[in-house]
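Structural description and commentary
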Amino acid sequence: MVRSSLAVLVIDENRIRASIIEAGLREAGHQLVTVIHDVTGIARRIAEIEPDVIVIDLENPNRDMLENMFQLSRAVKRPIAMFVDRSDQASIEAAVDAGVSAYVVDGLRQERVKPILDMAVSRFNAFSRMARELEEARSELEGRKVIDRAKGILMKSRGLSEEAAYTLLRKTAMNQNRKISDIAQSLVTAAGLLGPAEDE
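All figures in this text were calculated on a predicted structure; none of them were measured in a lab.

What counts as what
- Residues numbered from 1 in each chain as written.
- Predicted model: local features only at pLDDT ≥ 70, side-chain atom pairs only at ≥ 80, totals over all residues.
- Heavy atoms only, no water.
- Helix = DSSP H or I, 4+ residues; strand = E, 2+ residues; numbered from the N terminus.
- Buried < 20%, exposed > 50% of the residue type's maximum accessible area, 1.4 Å probe, protein only.
- Lys, Arg positive; Asp, Glu negative; His and termini not counted.
- Salt bridge = Lys/Arg side-chain N within 4 Å of Asp/Glu carboxyl O.
- Polar contact = N/O pair within 3.5 Å; in protein donor to acceptor, adjacent residues only side chain to side chain.
- Contact = heavy atoms within 4.5 Å.
- Domains from an automatic or database assignment.
- Core = buried A, V, L, I, M, F, W, Y, C linked by side-chain atoms within 4.5 Å.
- Axes fitted to C-alpha atoms, helices over the stretch in contact; angles between N-to-C directions.
- Parallel < 35°, antiparallel > 145°, perpendicular 65-115°, else oblique.
- Left-handed = near helix turned anticlockwise from the far one by under 90°.
- Nonpolar A, V, L, I, M, F, W, Y, C, P; charged D, E, K, R; others polar.
- 1 Å grid on protein atoms, 1.4 Å probe; cavity = no way out; pocket = protein on both sides within 12 Å on 5 of 7 lines; lining within 4 Å.
- Points joined across faces, edges and corners; volume = space filled by probe spheres on them.
- Patch = residues over 30% accessible without salt bridge, like charges linked within 9 Å, V, L, I, M, F, W, Y side chains within 5 Å.
- Areas by Shrake-Rupley, 256 points an atom, 1.4 Å probe, with all protein chains shown as cover.

Points about the side chain of Asp-12
By secondary structure assignment, the location of Asp-12 is in strand S1 (residues 7-12). Of the side chains with opposite charge, Arg-17 comes closest to the buried, unpaired Asp-12, at an N-O distance of 4.4 Å. From its side chain, Asp-12 meets the backbone nitrogen of Asn-14 in a polar contact 2.8 Å long. Engagement of the side chain of Asp-12 in a polar contact is seen with the backbone nitrogen of Ala-18, the distance being 3.3 Å. Setting aside its immediate chain neighbours within four residues, Asp-12 contacts Arg-17, Ala-18, Ile-21, Ile-36, His-37 and Asp-57.

Section: the domain arrangement of the chain
When the domains of the chain are assigned, the result is domain 1 (8-132) and domain 2 (135-193). With centres defined by C-alpha atoms, the gap from domain 1 to domain 2 works out at 46 Å.

Some thoughts on the side chain of Ser-101
One can find Ser-101 in the loop between helix H4 (89-98) and strand S5 (102-105). Residue class for Ser-101 comes out buried when judged on its relative accessible area of 3%. Beyond its immediate stretch of four places on either side in the chain, Ser-101 contacts Pro-79, Ile-80, Met-119, Ala-120, Arg-123 and Phe-124.

Details of the nonpolar core
A general tendency of soluble globular proteins is for nonpolar side chains to be buried together. Counting residues in hydrophobic clusters, the biggest one holds 20 residues, and the most contacted among them are Ile-11, Ile-46, Ile-54, Ile-56, Phe-70, Met-82 and Tyr-103. Of all the elements in the fold, those that place two or more residues in this core are S1, helix H2 (42-49), strand S3 (53-58), helix H3 (63-76), strand S4 (80-84) and H4. Sort the elements by how many residues they give to this core and H3 lands first, with 5 residues. When near neighbours in sequence (up to four residues on either side) are disregarded, Ile-11 contacts Ile-36, Val-39, Ile-42, Ile-46, Ile-54, Val-55, Ile-56, Asp-57 and Leu-72.

Some points on the packing of helix H5 (residues 110-158) against helix H6 (residues 162-176)
In contact at an axis separation of 9 Å, H5 and H6 are set at 115 degrees when each is read in the N-to-C sense. For the element pair H5 / H6, the angle class is roughly perpendicular. Our pair here, H5 against H6, has a crossing hand that is right-handed. Residues Ile-147, Ala-150, Lys-151, Leu-154, Met-155 and Arg-158 of H5 pack against Glu-162, Ala-165, Tyr-166, Leu-168 and Leu-169 of H6. Here the residues of the contact of H5 with H6 are counted per class, giving 8 nonpolar, no polar and 3 charged.

Thoughts on the layout of surface pockets
The computed volume of the largest pocket comes to approximately 320 Å³. If you list the elements that add at least two residues to the lining of the largest pocket, you get H3, H4 and H5. No other element matches the 5 residues that H5 contributes to the lining of the largest pocket. Its residues assigned to classes, the lining of the largest pocket shows 6 nonpolar, 4 polar and 5 charged.

Some thoughts on a nonpolar patch on the surface
On the surface, Ile-92, Val-96 and Val-105 cluster together into a nonpolar patch covering about 210 Å² of accessible area. Its place among the elements puts Val-105 in strand S5. Under the relative-accessibility criterion, Val-105 is labelled partly exposed at 38%.

Points about the pattern of salt bridges
Summed over all chains, the structure comprises 7 salt bridges. One salt bridge connects Asp-57 with Arg-17, and the closest N-O pair in it is separated by 2.6 Å. Of the two residues, Asp-57 is situated in strand S3 and Arg-17 in helix H1 (residues 15-27); the sequence distance between them amounts to 40 residues. The two residues Asp-57 and Arg-17 agree in class, both being buried. For the salt bridge of Glu-140 with Arg-144, the shortest nitrogen-to-oxygen distance reads 2.6 Å. A residue pair is termed a helical-turn pair when its members lie 3 or 4 positions apart in one helix, as Glu-140 and Arg-144 do in helix H5 at 4 residues.

Dropping the structure here:
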């Protein structure tokens, strides 16, 4: 994705502050900028607009407003840069937990918008990549556990060696054009239905 082609949504109830952000974005080459001044029904509006990045500016946020924005950021799964005039440690930690990519306290200036937006996108992409890699690793580990259980079932029920059990699983997967872990899961499920003695 070319950064200048990003669709950016600016959420700011203060029109003057929103114009500063919008000017910074347009100066940085972002032409697809939508500004929303009313946060009523914001989740629906985000779904309609489908922005690549969201910039939220909260001039004087109270706890409820911050919590609403943090809940929003958990739900939208997009890079979010949040500008606030004041903050405390609990709010900063809540922002990080909610997945806010950039949380800027007392730093709203036009020339800072582009680097902060770039950093938010980069941080979001890095976090998304790590989360995806973690999920893939978990899935692979789970697949290996299932394959080991299936090998154990074959070794016990057919008297096969571990290598022969794995070879049989692999051959069956190839013949059916499926993953070994899928074949293994089917075998473990079937063994569970046929009786607990075969699964132990």
